[in-house]
Amino acid sequence: MEQEDYEKEQINWSYIEFVDNQDVLDLIEKKPGGIIALLDEACMFPKSTHETFAQKMYQTFAKNKRFIKPKLSRTNFTISHYAGEVTYMADLFLDKNKDYVVAEHQDLLTASECPFVAGLFPALPEESSKSSKFSSIGSRFKLQLQSLMETLSSTEPHYIRCVKPNSVLKPFIFENVNIIQQLRCGGVLEAIRISCAGYPTRRTFYEFLLRFGVLAPEVLERNSDDKAACQMILEKMGLKGYQLGKTKVFLRAGQMAELDARRTEVLGNAARTLQRQIRTYIARKDFVLLRKAAIQLQSCWRAISACNLYEQLRREAAALKIQKNFRYHTARLSYLTLQNSAIIVQAGMRAMTARSEFRFRKQTKAAIKIQAHVRCHREYSYYRRLQKAAIVTQCGWRRRVARKELRNLKMAARETGALKEAKDKLEKKVEELTWRLQLERRLRTELEDTKAQEITKLQEALRSMQIQVEDANARVIQEREASRKAIEEAPPVIKETPVVIQDTAKIDALTAEVESLKVSLLSEKQASEEAKKASADAETRNMDLAKKLQEAEGKVDQLQDSAQRLEEKLSNLESENQVLRQQALTMSPTGKSISARPRTTIIQRTPENGSILNGETKPAHDKALVVSNPKEPESEEKPQKSLNEKQQENQDLLIKCISEDLGFSGGKPVAACVIYKSLLHWRSFEVERTSVFDRIIQTIASSIEAPENNDVLAYWLCNASTLLMLLQHTLKANGAASLTPQRRRSSSASLFGRMSQGLRASPQSAGLSFLNNRMLGRVDDLRQVEAKYPALLFKQQLTAFLEKMYGMIRDNLKKEISPLLGLCIQAPRTSRASLVKGRQQASAVAQQALIAHWQSIVKSLNNYLNMMKANYVPAFLVRKVFSQIFSFINVQLFNSLLLRRECCSFSNGEYVKSGLAELEQWCCYATEEYVGSSWDELKHIRQAVGFLVIHQKPKKTLNEISNELCPVLSIQQLYRISTMYWDDKYGTHSVSSDVISSMRVLMTEDSNNSVSSSFLLDDDSSIPFSVDDLSKSMQQVDVADVEPPPLIRENSGFVFLHQRSDL
């Protein structure tokens, strides 16, 4: 890596040879063909032996130059390491790799009273003890090694090599050959040779000037470039042996320490100056305090005198107030006594009159109720007999269909585990591809910037060379004309004079100059051609990266679609499984004997099926009922058919009406009110077979097919929430229907949709609803309705569509602001002039450019808020949307801050803090009605940014940081921010080493207590509310004031809408 850096920077160096041990590492631990992977695979099979494991290695690594098969052994193998060849015996590899310990033995040794034995066998966590996943010594060793590498990469490690001085393990014996061999095998000599031959310390020009610019401030004040400034600083310090590359400074060993020592000296002088000024300030402050103390003593003495006078005056005023209140109390008691007497007399007279009126009304109402019950009993007894006969047949048929579907569902439920595993794998792959996509986008942007700069430089150089060539040609032409005029004007006698020789020499000189200019022009043309070739190569690489980027985006979209389909399929299977089990439990136990009876004789007499109130059947009574009326008139079918056709026409007109945008009336959705009033009037909630619910659901599904049309989604979200609230207050479940889950994802294509499709498609349902209208009276008088299964299924389907539309609006807003969040986490890089001159007042244009991305996010939030306000979406749903969006912003910004070191700086903290101020201002503008507690969702990023921008971090203790500054952040997150922090503005340090050590101790305790060590946040994409929460948060809607739409206003089948609107 160092030599690649030397080549990239083009410094004067010679190539250093070194030994690469990567092929040995790949042979041992590479997946899936490494030795450790083969050993784990052999341990998973119970019939594997050490001989089969050895034969498997011989076959796999037969062509590997690092792997050697011994000639006289069938289980041994040799690996050629960097230090030499080592022979391994695989006889006990499988037993040692399994490391199986009996659980009872583990518990016994863990409970030992000897602390040494108990420490050798610590108690296993519950998660690892319950998991059935295979764990071997090799896999655990790789995990521990990976954890060690992550720790080393996040810190600055310093290594200490331990050398054994002799082989007899005795003091004062030093074996030179053995020690040299240990140093050579351990790579110490090779590392020393490479470090001495190269430049161990290297810094970019920007970092070098940022750290050591204080040694020569006069250099930074000039307008020279970074490289020249670094050269001047090094020359001023008198250093030798360094190298300057294109973007970095390369220093020999010890030179960085010398520069740090001089920098410390300069900073120490500055600190002494600050201390002198502070001591002056403290002395003056003490003097001012003494003077204020004298003045305060004088004022206290005067105040005591004034207090004594005030106490005397207050006692006199209190005596007057006591006298006034006593007189007021006496007068009020007499008045209240008189008032109570008058009220008692009036109440007695009014009660006597009210009792007489109530007695008369009670007698009248009782007479009317007796008449109504007699008539109702006569009609209801006939209807009840028909209803029981129909239910007996339906129960037998449904039992048979349910058993068949139960068998199919049991087979489908077995695939649930495989679907979950596939879903997890796809989610991991989507995250990996998303990370790669972001990396390729960043590389592409950097490549385009570099390419544009190179093209600009080459064009400027070519333009300057063309100007020089044109000037040279013009001078040559002028000289030729001047020489030609001189020859023509001169007389013939003078042609052989020395003047002619001088003119000829001058022409030769000009000709030679022209030739030299032509040669330089050719060289410049060659340089321009090479630059064009380099530009073309850069363009081809750019195109390749663009193609790869498009392919990665396509793969991400495909994986997201497949994951979404798997989630939907899994949710449907789970909901169908639950509903089918509950429906099977609520089946009638006598369904088998009832289903054996002929169906045709009962269906001819049944206009519509009902419900069994007591869960019992009477076969003898039903049979007598069927035989008692064998001669039913055939003329009843025609009125029934006409009623069904009329009801079907009304349903078609309703579906056609709601498929259009009906808008709002007084802030209430017209479509939801019309649907509710129509269904309530037709008694659709009280029947067990009807197709109007499926048609309404299909209309809503076809309207929201375009997920990008947020206006349509918001319109139907308002209608669905209003209709669901009305159903929640109206429907009352009873019997088996009340056992269905409250929030169940279902659709018309679900299991119960297919089961009840044939039953609900009967055209007789419309006739029954019309008859129910005639029997039960006006729909306006109903408060709560005994809902049947289709109504409850419609409510659950409507709930599923409400959650789907809510999720689509939320996800569209997330997709819109996601690209902007990647630009909002890191501030633009400041120029070097700002480092010298300090903080200056930026212009309005510069400030606008810095917060442009944040303003774009605020603009998107404002657009969605206005869109949902225009469609009268309930404020409860709006608050939930913005609460989840702010949580998403918090997760994205906080995770990016923890994963990128360049973001954990002081200037970047100020940049993010200014952006969060924009969001806070928007929350105040949007009011708490629509935003709620969304601002509290940003608590992680707010506390992290606050920690970055505070001063005097080394003076803060761990208790102050974790309890006062950042109470929400965990120890792992605080440790990550503290170790990655760097101040690019003032050069301050992070927290003290004692605080870091305390954090490490707490992290170790958390890891021992099985606390999760993940420091990243997870985005919650679930639905954060239920139907009860929505119905409780919404105000009651008065559907009587809603005007019917023009399409059904003049239709005679919807007269009840006018009646309701006139009340």
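Residues numbered from 1 in each chain as written. Predicted model: local features only at pLDDT ≥ 70, side-chain atom pairs only at ≥ 80, totals over all residues. Heavy atoms only, no water.

### What about the overall build of the chain?
In terms of regular secondary structure, the chain is built from 39 helices and ten strands. Burial analysis of the chain (1063 residues in total) assigns 33% to the buried set. For the chain, the share of sequence-separated contacts (at least 6 apart) that also reach a separation of at least 24 residues comes to 79%. (Helix = DSSP H or I, 4+ residues; strand = E, 2+ residues; numbered from the N terminus. Buried < 20%, exposed > 50% of the residue type's maximum accessible area, 1.4 Å probe, protein only. Contact = heavy atoms within 4.5 Å.)

### Topic: the nonpolar core
Among the nonpolar cores identified, the biggest contains 124 residues, and F685, I696, I857, L861, L916, L919 and W922 are the most heavily contacted of them. By residue number, the principal contributor to this core is helix α27 (residues 789–824), which donates 15 residues. Sequence-distant contacts of L916, that is, excluding residues within four places in its chain, are made with W854, W935, L938, I941, R942 and V945. (Core = buried A, V, L, I, M, F, W, Y, C linked by side-chain atoms within 4.5 Å.)

### Section: the packing of aromatic side chains
With the rule as written, the count across this model stands at 17 aromatic pairs. Each ring, one from F685 and one from F693, has its centre 6.1 Å from the other, and the planes form 20°; the classification is stacked. Residue F685 is classed as buried on the basis of its relative accessible area, which comes to 1%. Judged by relative accessible area, which is 2%, F693 ranks as buried. Within the aromatic cluster, the residues linked to one another by ring pairs are F53, Y58, F61, F67, F77, Y88 and F93. (Phe/Tyr/Trp six-rings, centres within 6.5 Å; stacked < 30°, edge-to-face > 60°.)

### Describing the sheet that holds strand β1 (residues 67–68)
Overall, antiparallel pairing links the three strands, which are arranged β1-β2-β3 in an open sheet. Of all strands in the sheet, those with a lone pairing partner are β1 and β3 (85–89), marking the two edges. Bridge analysis of strand β2 (residues 76–80) against β3 gives five bridges, and the strand direction is antiparallel. Counted as the bridge partner of N76 is M89 from β3. (Pairing = 2+ DSSP bridges.)

### Observations concerning the pattern of salt bridges
What the rule picks out here adds up to ten salt bridges. A salt bridge links R262 to E258; its shortest N-O distance comes to 3.1 Å. Taken together, the positions of R262 and E258, both in helix α15 (residues 255–413) and four residues apart, correspond to about one turn of that helix. By relative accessible area, which is 34% here, E258 ends up partly exposed. A salt bridge links R695 to D652, with the shortest nitrogen-to-oxygen separation between them at 2.5 Å. Of this pair, R695 sits in helix α23 (residues 692–703) while D652 sits in helix α21 (residues 637–658), and the two are 43 residues apart along the sequence. With relative accessibility at 32%, the residue D652 sits in the partly exposed group. Taken together, the salt bridges that share partners define one network made up of E311, R314 and R315. (Salt bridge = Lys/Arg side-chain N within 4 Å of Asp/Glu carboxyl O.)

### Thoughts on the confidence of the model for the chain
Mean pLDDT over the chain: 76, with 79% of residues reaching 70 or higher. No element of the chain has a lower mean pLDDT than helix α19 (residues 600–603), at 30, and none a higher one than α15, at 91. The low-confidence segment residues 492–502 (pLDDT under 50) makes two contacts with residues lying over four places distant or belonging to another chain. The model gives residues 586–641 a pLDDT under 50, and that stretch makes 71 contacts with residues more than four places away or in other chains. (pLDDT = per-residue confidence, 0-100.)

### Quick look at a negative patch on the surface
Negative charge collects at one region of the surface, where E421, D424, E427, E431 and D1018 lie side by side. By the secondary structure assignment, D1018 is in the loop between α36 (993–1008) and α37 (1027–1033). D1018 sits in the exposed class, given a relative accessible area of 71%. (Patch = residues over 30% accessible without salt bridge, like charges linked within 9 Å, V, L, I, M, F, W, Y side chains within 5 Å. Areas by Shrake-Rupley, 256 points an atom, 1.4 Å probe, with all protein chains shown as cover. Lys, Arg positive; Asp, Glu negative; His and termini not counted. Charge placed at Lys NZ, Arg CZ, Asp CG, Glu CD.)

### A short note on the state of the cysteines
Within this structure, the stated rule accounts for zero disulfides. Counting only cysteine sulfurs, C923 is the nearest neighbor of C924, a cysteine outside any disulfide, at a range of 6.9 Å. (Disulfide = S-S within 2.5 Å.)

### So, the environment of L724
Relative to the elements of secondary structure, L724 occurs in helix α24 (residues 710–730). Sequence spacing of L724 and A672 is 52 residues, and the spatial spacing of their C-alpha atoms is 9.0 Å. With residues up to four places along the chain from it excluded, the contact list for L724 reads K795, L798, T799, L802, V1027 and L1030.

### Thoughts on a nonpolar patch on the surface
A cluster of nonpolar side chains, namely F141, L145, L148 and M149, defines an oily patch on the protein surface of about 370 Å² accessible area. Note on placement: L145 falls in helix α9 (residues 137–154).

### A look at the sheet that holds strand β6 (residues 248–251)
Strand order in the open sheet formed by three strands is β4-β6-β5, with antiparallel pairing between adjacent strands. Both outer strands of the open sheet, β4 (201–204) and β5 (243–244), are each paired with one neighbouring strand and no more. Alignment of β4 against β6, held across four bridges, turns out to be antiparallel. When the sheet's bridge partners are listed, T201 is paired in β6 with L251. Docked against the sheet, helix α12 (residues 205–212) engages β4, β5 and β6, running at close to 95° with respect to β4. (Axes fitted to C-alpha atoms, helices over the stretch in contact; angles between N-to-C directions.)

### Considerations on α12
Those residues of α12 not exposed but buried are F205, Y206, F208, L209 and F212. The arc that holds the buried residues of α12, viewed along the axis, is 165°, so those residues lie on one side. (Arc of directions from axis to C-beta.)

### Brief notes about unusual backbone geometry
Positive phi, normally seen in glycine, also occurs at F172, with a value near 60°. Within the secondary structure layout, F172 lies in the loop between α9 and α10 (176–185). Judged by its relative accessible area of 87%, F172 is exposed. Residues other than glycine seldom take positive phi values, yet T927 does so here, at roughly 70°.

### Description of the packing of α24 against α27
At their nearest, the axes of α24 and α27 sit 9 Å apart, and the two run at 145° to each other. Once α24 is placed against α27, the crossing between them reads as left-handed. Contacts between α24 and α27 involve N710, L713, A714, W716, L717, A720, S721, L723, L724, L727 and Q728 from the first element and F794, K795, L798, T799, L802, M805, Y806, M808, I809 and N812 from the second. Among the residues forming the contact of α24 with α27, the class breakdown is 15 nonpolar, five polar and one charged. (Left-handed = near helix turned anticlockwise from the far one by under 90°. Nonpolar A, V, L, I, M, F, W, Y, C, P; charged D, E, K, R; others polar.)

### Concerning the packing of helix α32 (residues 906–931) against helix α33 (residues 939–949)
Interhelical geometry of α32 versus α33 gives an angle of 140° and a closest axis separation of 8 Å. Here α33 runs oblique to α32, going by the angle between their axes. The way α32 lies across α33 gives a crossing that is left-handed. Residue-level contacts link F906, G909, E910, V912, K913 and L916 of α32 to I941, R942, V945, L948 and V949 of α33. Classifying every residue of the contact of α32 with α33 by side-chain character gives seven nonpolar, one polar and three charged. (Parallel < 35°, antiparallel > 145°, perpendicular 65-115°, else oblique.)

### Some thoughts on helix α14 (residues 226–237)
In a regular helix each residue adds 1.5 Å, so twelve residues correspond to 16 Å; α14 covers 17 Å between its end C-alpha atoms and thus fits that length. Taken residue by residue, α14 has A229, C230, I233, L234 and M237 as its buried positions. Projected onto a plane normal to the axis of α14, the buried residues spread over an arc of 130° and lie on a single side. The secondary structure elements touched by the buried residues of α14 are α12, α13 (217–221), β5, β6 and α15. (Expected span 1.5 Å × (residues − 1).)

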